[in-house]
Amino acid sequence: MNSTAPAPELLVDHTGCPKPRLAMPLTYEQARLGMAFHEAGHAVLALAYGMRVVTSEVIAWTPEEGGWCVTGSTAYETRSVHAWRFAAQAAAGSIAQVNYLMAYGLWTPERAAGCAALHDREQAIDILAQHGFAIGRGHVPTGGKSWAMVQGMARRKISHLWREISTVAHAMDAHTVLSGDEIAELTGLANPQFGEGSA
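Given the structure is predicted, the values throughout are model-derived calculations rather than measurements.

Draft legend 1. How the structure looks around the nonpolar core. In this structure, L45, I135 and I165 are the most contacted members of the largest nonpolar core, which totals 55 residues. Top contributing element to this core by residue count: helix 2 (residues 83-103), with 13 residues. Excluding residues within four positions of it along the chain, I135 makes contact with W84, A87, A124, I125, L128, P141, K145, S146, W147 and V150.

Draft legend 2. Representation of unusual backbone geometry. One non-glycine residue with positive phi stands out, namely S80, at about 55°. Following the sequence through the fold, S80 ends up in the loop between strand 2 (69-77) and helix 2. S80 sits in the exposed class, given a relative accessible area of 69%. Positive phi, normally seen in glycine, also occurs at T176, with a value near 70°. Inspection of the secondary structure puts T176 in the loop between helix 6 (162-175) and strand 5 (177-179). With a relative accessible area of 29%, T176 lands in the partly exposed category.

Draft legend 3. Geometry of the environment of F86. Its place among the elements puts F86 in helix 2. Here F86 falls in the buried class, since its relative accessible area comes to 10%. Note: C-alpha distance between F86 and M35 (51 residues apart in sequence) is 20 Å. If near-sequence neighbours (up to four positions away) are discounted, F86 is found in contact with M51, Y76, T78, V81, A124, I127 and L128.

Draft legend 4. Inspection of the pattern of salt bridges at higher detail. For the structure on display, the rule yields five salt bridges. Here R32 makes a salt bridge to D173, at a shortest N to O gap of 2.9 Å. One end of the pair, R32, is in helix 1 (residues 28-48); the other, D173, is in helix 6, and 141 residues separate them in sequence. Owing to a relative accessible area of 11%, R32 belongs among the buried residues under this scheme. With its nearest N and O atoms 3.3 Å apart, the salt bridge here joins R52 to E77. With R52 in strand 1 (residues 52-61) and E77 in strand 2, the pair connects residues that are 25 residues apart, well separated along the chain. Residue classification places R52 among the buried positions, given a relative accessible area of 19%. Look at the salt bridges and you will find they share partners, linking R121, E122 and R137 into a network.

About the criteria used
Residues numbered from 1 in each chain as written. Predicted model: local features only at pLDDT ≥ 70, side-chain atom pairs only at ≥ 80, totals over all residues. Heavy atoms only, no water. Core = buried A, V, L, I, M, F, W, Y, C linked by side-chain atoms within 4.5 Å. Buried < 20%, exposed > 50% of the residue type's maximum accessible area, 1.4 Å probe, protein only. Helix = DSSP H or I, 4+ residues; strand = E, 2+ residues; numbered from the N terminus. Contact = heavy atoms within 4.5 Å. Salt bridge = Lys/Arg side-chain N within 4 Å of Asp/Glu carboxyl O.

This is the structure we're talking about:
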């Protein structure tokens, strides 16, 4: 665990606003593994949907006031990924983290609420809106999908890839940072290499 906070850009959302800090009533080891499942959810679905994963990592540090904080980051590149698949990848982190709580006998309503990661939802909504796809937070917009529908897509894909997600999460917990190629090797999924002129 680092003694200093990570780079500021890792602690803000896509608009530059600080990500909320949520108390998670778990031990450090439980919370760290949960965050590894969160990032593994993003990374494995990204690969499954044809995105290139650069890195995926768990970031832990001790804040000035003591205790510990845990977050994560998955860097990826996209080429010709369908909008709803991109959105499902964004939803996958929270769903994989909640599944981890259930699989390890740690689920409570409070802990599940702490997995919400609304910044992932808001980023997907904003990015897809730029490309003409609408996601409704609590409704189904005309010609679009609700966030609950996107979560359903992610949930189905996660159920088929749970072994791969679990394998990646445990490796990430052990090694902190995994490259996209390492994740591909662990899962058997391809990590596309986008060269110049890729569409």
